[in-house]
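# Understanding the architecture of this molecule
Chain by chain, the residues:
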Amino acid sequence: MQPDFILSISDIEHFYHQGWDCVCSVSELPSGRFKAAVKCRSLMNGQMNELREILYFHGDYGLALAHARQLAVTWAKNNKHLT
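About the thresholds
Residues numbered from 1 in each chain as written. Predicted model: local features only at pLDDT ≥ 70, side-chain atom pairs only at ≥ 80, totals over all residues. Heavy atoms only, no water. Helix = DSSP H or I, 4+ residues; strand = E, 2+ residues; numbered from the N terminus. Buried < 20%, exposed > 50% of the residue type's maximum accessible area, 1.4 Å probe, protein only. Contact = heavy atoms within 4.5 Å. Areas by Shrake-Rupley, 256 points an atom, 1.4 Å probe, with all protein chains shown as cover. Core = buried A, V, L, I, M, F, W, Y, C linked by side-chain atoms within 4.5 Å. Phe/Tyr/Trp six-rings, centres within 6.5 Å; stacked < 30°, edge-to-face > 60°. Salt bridge = Lys/Arg side-chain N within 4 Å of Asp/Glu carboxyl O.

### Examining the overall build of the protein
A tally of helices and strands in the protein yields one helix and four strands. In the protein, the order of α-helices and β-strands from amino to carboxyl end is β-β-β-β-α. The 83 residues of the protein split such that 35% are buried. Here the contacts in the protein between residues at least 6 apart in sequence split such that 43% fall between residues at least 24 apart. Carbon and sulfur atoms make up 55% of the accessible area of the protein, which amounts to about 5,300 Å² in all.

Take a look at the structure:
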């Protein structure tokens, strides 16, 4: 069984923010919608948190990535106490 999407390295954005190692990925589904996923790992204790996946129905890759990035930044800021 093949996955409903395939990621390439260019579809992944990695950055550090307020003690968290954040990874955002965007993949296009066969329907033309974009699926964004966010994971953040604590740089202090290695705790991994997978944030909810978000579906964007407007079909805009750049906006999906921007929303994923903003979700990661906001989540890291709100959970700084967990690092």
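### A word on the nonpolar core
Judged by nonpolar contacts, the single largest core of 17 residues is most densely connected at C24, V38, C40 and A72. Mapped onto this core, the elements with two or more residues apiece are strand 2 (20-28), strand 3 (34-42) and helix 1 (61-78). By residue number, the principal contributor to this core is helix 1, which donates seven residues. Once you skip the residues sitting within four places of it in the chain, A72 turns out to touch F15, C22, C24, V38 and C40.

### Considering the packing of aromatic side chains
Enumeration according to the criterion identifies two aromatic pairs in this entry. Here W20 and W75 contribute two aromatic rings whose centre-to-centre distance is 4.8 Å and whose plane-to-plane angle is 75°, an arrangement assigned as edge-to-face. A residue pair is termed long-range when its members are at least 10 positions apart, and W20 in strand 2 and W75 in helix 1 qualify at 55 residues. No difference in accessibility class separates W20 from W75, as the two residues are buried. Judged by centre distance (5.7 Å) and plane angle (75°), the ring pair of F34 and Y61 falls under edge-to-face. Note that F34 is positioned in strand 3 and Y61 in helix 1, a separation of 27 residues in sequence.

### Quick notes on the pattern of salt bridges
Evaluation of the coordinates by the stated rule reveals two salt bridges. We note a salt bridge from E13 to R69, for which the minimum N-O separation is 2.6 Å. Placement of the pair is E13 in strand 1 (residues 12-17) and R69 in helix 1, with a sequence separation of 56 residues. Residue classification places R69 among the partly exposed positions, given a relative accessible area of 31%. The partner of R41 in a salt bridge is D21, with the nearest N and O atoms 2.9 Å apart. On the criterion of sequence distance, the pair formed by R41 in strand 3 and D21 in strand 2 is long-range, its members being 20 residues apart. On the accessibility criterion, D21 (10% relative accessible area) is buried.

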